[in-house]
Amino acid sequence: MLNAAQLAEFEQNGFLKGDVILSASEVDHLREELDLILEGKTVKKPVLQHNMRPEEADALYKGMKMSVTEKVIQIVNTWMASDAYMQQCAHPVICQEVAQLCKTDTLRIWHDQIQYKPPITGGPTPWHQDHPLWPVIQPADLVSAWIALDDAVIENGCMWMVPGSHKWGDQQKYMASDDKFMPYHRQPGFLPEGAEVKAVPFEIKKGQVGYHHSLTWHGSPHNRSEMKRRGFAVHYMPGHTVYAPTSAHPMIPYVEVKEGEIMAGEHFPVVYNVG
Ligand SMILES: O=C(O)CCC(=O)C(=O)O
């Protein structure tokens, strides 16, 4: 359970580090399940499994410049392929804390995702806000839990966050980054008064959870280290999230409700309910 200081920190920054909630053996189990999914060995399948960045880029490895095909392996709805990941989505501590952050008594899974950046070839995840990618659900007050399956540190491409940016509304089209992956605003005059785009690293230990608001600016750079960087994010909907069909999204084929109705259904399961 989060205390008042943690809730205030999230309110101010739009992100928060939680505790280490998984033991080494629990992380090992999730890693083994992930390997089975990556190898296509599970009976049930996720919604999507692909490389988000099949691009060539230069990398420095042991002092030598080499060309690599970048990879960020994204798996969407791991919970549909693996009971262990479903249990993880329903983790009682995480769900209770997300419910506190969302100020709700009910949580459903919007979707989950693995982002795996392999050693050396791991590519960047560009700066973004989550909700502008999900206009099909409203309002923009979701909270995500990001669980590290490896220590996520600067060297292997941990996420970076911009404090306070969750209060600036939809800024997605103004977001850009320099060659060091630091974000800036294309039209700074459109930012609220006093807003400053200053990114901070969000390092998360293996088994630890981090939370972020669905409007917080975030992204993660390359992994040019020899470490893997595997992260599991669960994007939770508070009880009042409704369907607003506006654009394409990989989860649309699974929607069973009508416009304006609560986004319920077997593919958006309730994982927390104290109402
Ligand atoms: O894993 C990452 O680096 C990015 C994940 C992300 O964008 C998210 O969880 O919203």
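Remember, predicted model here, so these are calculated numbers, not experimental data.

## Considerations on helix α2 (residues 24-38)
Look at α2: 21 Å from first C-alpha to last across 15 residues, which is about the 21 Å you get at 1.5 Å a residue. Turning to α2, its buried residues number three or more, namely Val 27, Leu 30, Arg 31, Glu 33, Leu 34 and Ile 37. Around the axis of α2, the buried residues are gathered within 165° of arc, so they sit on the same side. Tucked inside the fold, the buried residues of α2 contact β2 (48-51), β5 (73-76), α3 (83-89), β6 (106-117) and β16 (229-238).

## Description of unusual backbone geometry
Of note, the bond from Gln 138 into Pro 139 is cis; its omega dihedral lies within 30 degrees of zero at -5°. Turning to its location among the elements, Pro 139 is positioned in the loop between β8 (137-138) and β9 (143-148). Look at Ile 120: it is not a glycine, yet its phi comes out positive at around 65°. Residue placement: Ile 120 occurs in the loop between β6 and β7 (125-128). The backbone of Phe 181 sits at a positive phi, close to 70°, despite the residue not being glycine. In this fold, Phe 181 is placed in the loop between β11 (175-177) and β12 (183-185). Take Phe 181: its relative accessible area is 11%, and that puts it in the buried class.

## Considerations on the nonpolar core
With 52 residues, the main nonpolar core has Ile 94, Val 98, Leu 107, Trp 110, Tyr 211, Tyr 236 and Met 263 as its most contacted residues. The dominant element in this core, judged by the number of residues it contributes, is helix α4 (residues 92-102), at six residues. If we ignore the near neighbours within four places in the chain, the residues touching Tyr 236 are Gln 88, Cys 89, Ile 94, Cys 95, Val 98, Leu 107, Arg 108, Leu 142, Val 143, Ala 145 and Val 271. Among the nonpolar cores identified, the runner-up in size contains 19 residues, and Phe 15, Met 161, Ala 199 and Phe 202 belong to it.

## Looking at the site of the ligand
Around the ligand, the surrounding shell consists of Gln 115, Thr 125, His 128, Asp 130, Trp 146, Met 159, His 212, His 218, Ser 220, Arg 229, Ala 233 and His 235. Take Ser 220: an N or O atom from its side chain is 2.6 Å from an oxygen atom of the ligand. Protein coverage of the free-state accessible area of the ligand, which is 300 Å², stands at 99%. Secondary-structure elements contributing two or more residues to the shell around the ligand are β7, β15 (218-220) and β16. The element contributing the most residues to the shell around the ligand is β16, with three residues. Of the residues in the shell around the ligand, the class split is three nonpolar, seven polar and two charged.

## Description of the pairing of β6
As a general feature of sheets, a regular strand has side chains that alternate between the two faces. With twelve of twelve residues buried, β6 is to be regarded as a mostly interior element. Across three bridges, the pairing between β6 and strand β18 (residues 270-273) is antiparallel. Looking at β18, one finds that Arg 108 is bridged to Val 270. Across ten bridges, β6 lies against β16 in antiparallel orientation. Considered in β16, the bridge of Ile 114 is made with Phe 232.

## Digging into the side chain of Arg 53
The residue Arg 53 is located in the loop between β2 and β3 (56-61) in this model. Since its relative accessible area comes to 18%, Arg 53 is described here as buried. Not counting residues up to four positions away in its chain, the partners in contact with Arg 53 are Glu 70, Lys 71, Val 72, Gly 123, Pro 124 and Pro 126.

## Describing the packing of aromatic side chains
Counted under the stated rule, the structure contains seven aromatic pairs. Both rings, one in Tyr 174 and one in Phe 190, keep their centres 5.1 Å apart while their planes meet at 75°; by these two values the pair is edge-to-face. Of the two residues, Tyr 174 sits in the loop between β10 (159-161) and β11 while Phe 190 sits in the loop between β12 and β13 (200-202), which places them 16 residues apart along the sequence. Tyr 174 sits in the buried class, given a relative accessible area of 14%. Put simply, the rings of Trp 110, Trp 134 and Phe 268 touch in pairs and so form one group of aromatic residues.

## Remarks on the pairing of strand β4 (residues 64-69)
Direction of pairing for β3 relative to β4: antiparallel, over a ladder of six bridges. Following the sheet pairing, Glu 56 is matched in β4 by Thr 69. Here β3 folds back onto β4 in antiparallel fashion, the turn holding two residues, of which Lys 62 has a positive phi close to 50°.

What counts, and where the lines are drawn
Residues numbered from 1 in each chain as written. Predicted model: local features only at pLDDT ≥ 70, side-chain atom pairs only at ≥ 80, totals over all residues. Heavy atoms only, no water. Helix = DSSP H or I, 4+ residues; strand = E, 2+ residues; numbered from the N terminus. Expected span 1.5 Å × (residues − 1). Buried < 20%, exposed > 50% of the residue type's maximum accessible area, 1.4 Å probe, protein only. Arc of directions from axis to C-beta. Contact = heavy atoms within 4.5 Å. Core = buried A, V, L, I, M, F, W, Y, C linked by side-chain atoms within 4.5 Å. Near = heavy atom within 4 Å. Polar contact = N/O pair within 3.5 Å; in protein donor to acceptor, adjacent residues only side chain to side chain. Areas by Shrake-Rupley, 256 points an atom, 1.4 Å probe, with all protein chains shown as cover. Nonpolar A, V, L, I, M, F, W, Y, C, P; charged D, E, K, R; others polar. Pairing = 2+ DSSP bridges. Phe/Tyr/Trp six-rings, centres within 6.5 Å; stacked < 30°, edge-to-face > 60°.

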